[in-house]
Amino acid sequence: LAYACAWGFGGVLDCEERRKFHNKFMEVLEGSQSEEAIPPCNDGETIFEYVPDWHDKQRSWKMWVPEEWKVPKRLSFSALLIPTRDSVRAEFIVDIIAGLGASSNP
């Protein structure tokens, strides 16, 4: 739930605003005694650098890590996309939204 709230409310923010959102969100989670929902952030990290491990039943937090990029055999500069933490996060969210299917309501 913390992951969904963070991305639902703070996903559109820039880096500095995400930091502010993270700090306030952590205050709310700590105040509601929901410390288990807080990822193990180090200095300078926010909830946006972490994702629940979908393969772990406990849904423990893990760091977003882009896959190792391999140079394609045929390199087309205009189609080149080197995965970064930001592009991996965006692709993950887009894949989830795309998998939801169309709504029957307009």
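For the structure, check the block above.
To keep things clear, this report deals only with the structure shown in the data block.

Each value, and the rule that gives it
- Each residue is numbered by its place in its chain's sequence as written, counting from 1.
- Local features are withheld for residues below a pLDDT of 70 in this predicted model, meaning they are given only at 70 or higher, and side-chain atom pairs are given and counted only at 80 or more; totals for whole chains, interfaces and linings count all residues.
- No hydrogens and no water enter the side-chain calculation; it runs on all heavy atoms of the structure.
- Secondary structure elements are defined from DSSP: runs of H or I of at least 4 residues count as helices, runs of E of at least 2 residues count as strands, and each element is numbered from the N terminus.
- Among buried residues, those of type Ala, Val, Leu, Ile, Met, Phe, Trp, Tyr and Cys that are joined through side-chain atoms within 4.5 Å constitute a nonpolar core.
- When accessible area is computed with a 1.4 Å probe and restricted to protein chains, residues below 20% of their type maximum are described as buried, those above 50% as exposed, and intermediate ones as partly exposed.
- Two residues form a contact once any of their heavy atoms are found within 4.5 Å.
- In summary, the pairing rule links any two rings of Phe, Tyr or Trp, Trp by its six-membered ring, whose centres are within 6.5 Å, and it sorts them by plane angle into stacked for under 30 degrees, edge-to-face for over 60 and tilted for everything else.
- By definition here, charges over rings are those cases where NZ of Lys or CZ of Arg is within 6 Å of the ring centre and within 35 degrees of the ring normal.
- How far a helix is expected to stretch is found by multiplying one less than its residue total by 1.5 Å.
- In this context, the arc is that of the directions from the helix axis out to the C-beta atoms.

This part covers unusual backbone geometry. Among all residues save glycine, negative phi is the norm, and among peptide bonds the norm is trans. For Gln-33, which is not a glycine, the phi torsion comes out positive at approximately 55°. Take Gln-33: it is sitting in the loop between helix 2 (15-31) and strand 1 (50-52).

Another aspect to go through is the nonpolar core. In this structure, Ala-2, Phe-25, Leu-29 and Ile-47 are the most contacted members of the largest nonpolar core, which totals 17 residues. Elements with a minimum of two residues in this core: helix 1 (2-10), helix 2 and strand 1.

Attention shifts here to the side chain of Thr-46. The residue Thr-46 is located in the loop between helix 2 and strand 1 in this model. Look past the residues within four positions of Thr-46 in its chain and what remains in contact with it is Arg-19, His-22 and Cys-41.

Take His-22: it is sitting in helix 2. By relative accessible area, which is 6% here, His-22 ends up buried.

To continue, consider the packing of aromatic side chains. Following the criterion strictly, the structure yields 5 aromatic pairs and no others. Ring centres of Trp-7 and Phe-48 lie 5.2 Å apart, and the angle between their planes is 85°; on these two criteria the pair is classed as edge-to-face. Taken together, the residues Trp-7 in helix 1 and Phe-48 in the loop between helix 2 and strand 1 connect sequence positions 41 residues apart. Of the two residues, Trp-7 and Phe-48, both sit in the buried class. Plain terms: the ring middles of Phe-21 and Phe-25 are 5.5 Å apart, the flat faces sit at 25° to each other, and that makes the pair stacked. Within this pair, Phe-21 and its partner Phe-25 are both found in helix 2, separated by 4 residues, close to a single helical turn. With respect to burial, Phe-21 and Phe-25 carry one shared label: buried. Among the aromatic residues, ring-to-ring pairing joins Trp-7, Phe-21, Phe-25 and Phe-48 into one connected group. Across from the ring centre of Phe-48, 5.0 Å away, lies the NZ or CZ of Arg-18, which sits over that ring.

Turning our eyes to something else, we now look at helix 2. Compared with an ideal rise of 1.5 Å per residue, which puts 17 residues at 24 Å, helix 2 spans 24 Å between its outermost C-alpha atoms and is within 8% of the ideal. Along helix 2, the positions that sit buried rather than exposed are Arg-18, Phe-21, His-22, Phe-25, Met-26 and Leu-29. Mapping the buried residues of helix 2 onto a view down its axis gives an arc of 140°, with all of them on the same face. Residues of helix 2 that are exposed and point over 90 degrees away from its buried face: Lys-24 and Gly-31.

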